[in-house]
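These are the residues of each chain, in order.
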Amino acid sequence: MLSKDPVQVYCRLRPMQHSTDVACMKVTSDTTVVITPPESAINFRSSSNKEIQTTFSNVFTSDATQKEIFNVVALPLVENIIRGRNSLLFTYGVTGSGKTYTMTGEPQDAGIMPRCLDVIFNSIANYQTKKFIFKPDKLNGFDIQGEADAMLDRQSELHAGLMSQRAGKSGKVRKAESDGDSNPMIAREIDESQIVQVDQDNAYAVFVTYVEIYNNSVYDLLEDEDIRTKSLQSKIVREDGNKNMYVHAVTEIEVKSSEEAFEVFQRGQRRRRVAHTALNAESSRSHSVFTIRLVQAPLDCDGEQIIQDKRVVCITQLSLVDLAGSERTNRTKNTGQRLREAGNINNSLMTLRSCLEILRENQLQGTSKMVPYRDSKLTHLFKNYFDGEGQVRMIVCINPRTDDYDETIQVMKFAEMTQEVQVARPTITKIDLGFTPGRRHANKIFKEARTKLEKEGRPEAADLEVDIGLVYSLGGPFPELEISSPRSDQIITNLMHFLEQRINKRNILRADLQQKQNNLRKMLMVVEQEHLNLKIENASLKAANSQQKKKVSALEGHLCKTEEQIDSLLRKLNHANDTIRSLQQELKDRDMALNQRLIDKQRVKQKYNTKMQVETDKMNRELEIKLRQQREHLQNQMKEKDNKLRLVKQILVDENGSNVPKDHAIATPNCAEATPKATDCRSRRDKMHVANLRYRRSQSADRWIDHRPGAIVPVGTVLQPLMHRRRSVTRLTDPKEITEGASRYCLVAQEQDTDGELETKLFKGDIIPTSGGGAQVVFNDMECLKQLSPKARKRSGPLAPDNVNDIGTPNHSSTLMETHSKRPRVVS
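Parameters and conventions
- Residues numbered from 1 in each chain as written.
- Predicted model: local features only at pLDDT ≥ 70, side-chain atom pairs only at ≥ 80, totals over all residues.
- Heavy atoms only, no water.
- Helix = DSSP H or I, 4+ residues; strand = E, 2+ residues; numbered from the N terminus.
- Buried < 20%, exposed > 50% of the residue type's maximum accessible area, 1.4 Å probe, protein only.
- Areas by Shrake-Rupley, 256 points an atom, 1.4 Å probe, with all protein chains shown as cover.
- UniProt positions renumbered as here; feature names shortened; annotations may be inferred.
- Axes fitted to C-alpha atoms, helices over the stretch in contact; angles between N-to-C directions.
- Parallel < 35°, antiparallel > 145°, perpendicular 65-115°, else oblique.
- Left-handed = near helix turned anticlockwise from the far one by under 90°.
- Contact = heavy atoms within 4.5 Å.
- Nonpolar A, V, L, I, M, F, W, Y, C, P; charged D, E, K, R; others polar.
- 1 Å grid on protein atoms, 1.4 Å probe; cavity = no way out; pocket = protein on both sides within 12 Å on 5 of 7 lines; lining within 4 Å.
- Salt bridge = Lys/Arg side-chain N within 4 Å of Asp/Glu carboxyl O.
- Core = buried A, V, L, I, M, F, W, Y, C linked by side-chain atoms within 4.5 Å.
- Phe/Tyr/Trp six-rings, centres within 6.5 Å; stacked < 30°, edge-to-face > 60°.
- Points joined across faces, edges and corners; volume = space filled by probe spheres on them.
- Patch = residues over 30% accessible without salt bridge, like charges linked within 9 Å, V, L, I, M, F, W, Y side chains within 5 Å.
- Pairing = 2+ DSSP bridges.
- Expected span 1.5 Å × (residues − 1).
- Bend = angle between axes of the 7 residues up to and from the residue.

## Some words on the overall build of the protein
From N to C terminus, the protein includes 15 helices and 27 strands. Within the span of the protein, comprising 828 residues, buried residues form 36% of the whole. Summed over all atoms, the accessible surface of the protein reaches about 51,100 Å², with 52% contributed by carbon and sulfur.

Set out below in structure tokens:
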């Protein structure tokens, strides 16, 4: 009796979309969901039981991740197709319950289908064949091509791709409009963490198909459509030679990576019928079937080439079905085309329900009712799975809102009924040819070793061969032979395949045994001949050996003498080495003593230099003190001379009988003209403005007018007039230039004295406002700066030596020139 497994049904709850939504169910355990009917339910008053409890294989709450669902539900199905078993996975539920999200996911959070592709390609990454080695035969099978034919197909595909690219440049906009493609490809992250162990001695290839069942017709979403005809052509569901159902003339695309497979899926997804309804903005209006077909074939006994026999090819498939949502027309508000679509969707789902109910009834009651698979293309296409072709699983997606209670309760009843259906466990269709496991890896290691020997300069390594051999076993036990119904043709077919495999394997093993016997016989003859040759060679070697022994004994005596000579030479050498070491130590000690003397000498020198520096600094300080004292002494002498000159000038003034005060003396540019100018001042006294006697100025706020009437030659001396705030002018044209903000006046004049030396005179005075609103200048000081040349002739007289200082530079003196005028000279 064939073993059977129940259809495993899983439940996934969708998160609540709005905070105002009320849930009508709760999860009580990992496998149980309790549903509480709301008051708005149709049969709320007539129902006696207020709570309904439903059990599943596993219940995923709203916070369950996509990866968790994949690991529990889909990962075992991926392992099945790699092991040689087919698998089928449905997503079923009400419109808007999350079926498409569970199956496809998002770029940042992939669903079941992209994760299945990732695991498959992660597992067979190193064992894939080149493209077009396996080629679809249009009858749900595959042919095996040689490398030359596959290369021609690859070149044809490359040429066709280049031609389509060139044609696409001219009609790019028209093509985009005809395809309705306005969305770019969606990039996603590849999960490389999960790997399933595969048979390393097989070669693998992956093909994908994508069809939709719309209005009970099958359409190929990957078909190359004509630009002029936008609609797709419907396909026919047929049965192949092994009684398996398939879509005739469907497009099968060979893919070499999960990215390429996902791009193919997206290309077909853009053609799928999606429409807006009252329950979902993008509601799927058709059932989509994405099939992943894994083709694998064993390598030959050497682990290099694929066996060119179509019978050894193992084809397994994983069908991922995204069912359209079950819905009520009074809630979706559909009319016209949408209403017709909803009717076909509900009819196909009802047919699926009817088929499962009849299967359950036949299994529970032992009846043999006809299952109406042909009433719907959906059930007709997957007829073999329910008859025992592969494992079947279903994910029921639930929206826990109270508004969806009436649809949800029907989905729950269908899920309970589906779990009671038993599906026969599929048999593995792989053919065991008896080849040694691990032959691909062994052959690889052998080739690497042979290449290494050839690189090391051993040409005989190129002739080495490896015999991996066969495993002498006819396979496992016979399959189950009990026939329980008249429709058990599959058991006889499996038995025929099993016997054919055993016969083929027995013939291969017999041929291999005969070949090995012949090889062994040849090898024994070669070994016997080699044995005779070795006997003759052994006799000659014995004679040569006796001669060699005599030579060895003579060499041993000579060797003993030589060893004694070597010992004596070694003793002399050791003595010489000791002498060398002692001399080296003595030389090292002398070098250290010499270095120490140099260090001491350097230290004494440094100490002497330090002491000399101290003495030098001390002498410099003493010299500075002496120079300062001499300078002060000379300055005091100069002050005494200046005082004497001042007393002489005072005496001269007194002798002239001047009664004008010193602070009102008139400073004139030429002393010889003082008396006439003073007379002119007395004669014009009545015409001058009267000074404002109440005017008092602040010496701290003096502002100067620096009057330089001509080009002044710089004298290059530090004895310059001290005027902190001044305004320089070259010509007085307006009285306002004196009266505006100035209180002091300075007139600069240059001339040559009798000796031809340059003499600069500064006439200083106060600016006093007059009672009439004007201003007058009262000169009260004169400074005479004289530049004496060291090479000029010396003047005679008692004051000549005083005009030159001790170092030969001219002295500058400031002298107040007196006048015979009784009042100061005033300039208005």
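Structure shown, so let's carry the discussion forward.
## Some thoughts on the UniProt feature "coiled-coil region" (unreviewed entry) in the protein
Annotation from UniProt places "coiled-coil region" (unreviewed entry) at residues 499–530 and 620–651. Within residues 499–530, the helical portion is 100% and the strand portion 0%, while the C-alpha atoms at the span's ends are 46 Å from each other. Taken end to end, residues 620–651 is 100% helix and 0% strand, and its first and last C-alpha atoms sit 47 Å apart.

## Details of the packing of helix α3 (residues 112–123) against helix α6 (residues 258–269)
In contact at an axis separation of 9 Å, α3 and α6 are set at 150° when each is read in the N-to-C sense. It follows from the interaxial angle that α3 and α6 lie roughly antiparallel. The interaxial crossing formed by α3 with α6 has right-handed handedness. Across from M113, P114, L117, D118 and F121 in α3, the residues of α6 making contact are S258, A261, F262 and F265. Among the residues making up the contact of α3 with α6, the classes are represented as seven nonpolar, one polar and one charged.

## Looking at the UniProt feature "binding site: ATP" (unreviewed entry) in the protein
According to UniProt, the positions carrying the feature "binding site: ATP" (unreviewed entry) are G93, V94, T95, G96, S97, G98, K99 and T100. Checked against the lining of the second largest cavity, the annotated residues reduce to T100. Summarising the element assignment, G96 is placed in the loop between β7 (86–93) and α2 (99–103). By the secondary structure assignment, S97 is in the loop between β7 and α2.

## Quick word on the pattern of salt bridges
Under the defined criterion, the tally for this structure stands at 28 salt bridges. The partner of K447 in a salt bridge is E304, and the shortest N-O contact between them spans 2.6 Å. Residue K447 is found in helix α12 (residues 439–455), and its partner E304 is found in the loop between β18 (287–298) and β19 (314–322); the two are separated by 143 residues along the sequence. Taking the relative accessible area as the measure of exposure, K447 reaches 35% and is therefore partly exposed. On the accessibility criterion, E304 (38% relative accessible area) is partly exposed. With a shortest N-O distance of 2.8 Å, E420 and R360 are connected by a salt bridge. Of this pair, E420 sits in the loop between α11 (405–419) and β21 (422–424) while R360 sits in helix α8 (residues 337–365), and the two are 60 residues apart along the sequence.

## Points about the nonpolar core
Counting residues in each nonpolar core, the largest one holds 52 residues, and the members touching the most others are F90, F382 and F386. Setting aside residues no more than four positions away along its own chain, F386 makes contact with F90, L352, L356, L359, Y373, V392 and V423. The next biggest cluster of nonpolar side chains, apart from the first, holds 47 residues, and it includes V78, C116, I120 and I395.

## A look at the packing of aromatic side chains
Evaluated as defined, the whole model comprises ten aromatic pairs. For the pair Y210 and F265, a centre-to-centre distance of 5.2 Å together with 35° between the ring planes defines the contact as tilted. With Y210 in strand β10 (residues 202–214) and F265 in helix α6, this pair connects stretches of sequence that are 55 residues apart. Plain terms: the ring middles of F382 and Y385 are 6.0 Å apart, the flat faces sit at 55° to each other, and that makes the pair tilted. Y385 shares its class with F382; the two are buried.

## Structural notes on empty space enclosed by the protein
Enumeration according to the criterion identifies two cavities of 30 Å³ or more in this entry. By volume, the largest cavity amounts to about 260 Å³. Looking at the lining of the largest cavity, the elements that each hand over two or more residues are β10, β14 (245–247), β18 and β19. A breakdown of the residues in the lining of the largest cavity according to their chemical character gives eleven nonpolar, five polar and three charged. For the second largest cavity, the lining is made up of 13 residues, of which M103, Y210, F265, S288 and D322 are closest to its centre. Broken down by element, the lining of the second largest cavity gets its largest block of residues, three residues, from β18. Classifying every residue of the lining of the second largest cavity by side-chain character gives seven nonpolar, four polar and two charged.

## As for a nonpolar patch on the surface
A cluster of nonpolar residues, L520, M523, L524 and V527, forms a patch on the protein surface that exposes about 390 Å² of accessible area. As for its placement among the helices and strands, M523 is situated in helix α13 (residues 489–655).

## Here we look at the sheet that holds strand β5 (residues 52–55)
Each strand in a sheet pairs with its neighbour through backbone hydrogen bonds, running either in the same direction (parallel) or in the opposite one (antiparallel). Strand order in the open sheet formed by three strands is β3-β4-β5, and the pairing between neighbours is antiparallel. The two strands at the open ends of the sheet, each matched to only one other strand, are β3 (25–27) and β5. When strand polarity is set aside, the average angle formed by the axes of neighbouring strands in this sheet is 20°. α11 contacts β3, β4 (32–35) and β5 of the sheet and is inclined by roughly 45° relative to β5.

## Remarks on the environment of Q305
One can find Q305 in the loop between β18 and β19. Judged by its relative accessible area of 51%, Q305 falls in the exposed class. Separated by 159 residues in sequence, Q305 and G146 have C-alpha atoms that sit 9.7 Å apart. The contacts of Q305, once residues within four sequence positions are left out, are P298, L299 and D300.

## Some remarks on the environment of E759
Here E759 lies in strand β25 (residues 758–769). When the C-alpha positions of E759 and L785 are compared, they lie 5.8 Å apart, and in sequence the two are 26 residues distant. Residues within four places of E759 in sequence aside, it is in contact with A749, Q750, E751, D753, C784, L785 and K786.

## Some remarks on the packing of helix α1 (residues 66–83) against α3
Between α1 and α3, whose axes approach to 9 Å, the crossing angle comes to 50°. Regarding the angle of α1 to α3, the classification is oblique. The interaxial crossing formed by α1 with α3 has right-handed handedness. Only I112, R115, C116, V119, I120 and S123 of α3 make contact with α1, whose side of the interface consists of Q66, K67, I69, F70, A74, L75, V78, I81 and I82. Residue composition of the contact of α1 with α3, by class: eleven nonpolar, two polar and two charged.

## Let's talk about unusual backbone geometry
The phi torsion at F132 lies on the positive side, around 70°, for a residue other than glycine. Relative to the helices and strands, F132 is located in the loop between α3 and β8 (134–136). The backbone of N216 shows a phi angle near 65°, a positive value even though the residue is not glycine. Summarising the element assignment, N216 is placed in the loop between β10 and β11 (217–220).

## A short note on the pairing of β10
Summarising burial for β10: 13 of the 13 residues are buried, a large majority. Burial along β10 is two-sided: N202, Y204, V206, V208, Y210, E212 and Y214 and A203, A205, F207, T209, V211 and I213, pointing in opposite directions, are all buried. In the sheet, β10 pairs with strand β15 (residues 253–255) via three bridges, with the strands oriented antiparallel. In the strand pairing of β15, V208 is matched with I253. As paired strands, β10 and β11 are joined by four bridges and run antiparallel to one another. The partner of E212 across the bridge, within β11, is Y219.

## Comments concerning α1
Taking 1.5 Å of rise per residue, the 18 residues of α1 would be expected to cover 26 Å, and the 24 Å separating its terminal C-alpha atoms lies within 8% of that figure. Remark: the principal bend of α1, roughly 45°, maps to A74, with a proline, P76, within the next four residues. By the burial criterion, the buried members of α1 are Q66, I69, F70, V73, A74, L75, L77, V78, N80, I81 and I82. G84 sits one or two residues past α1 and shows a positive phi near 110°.

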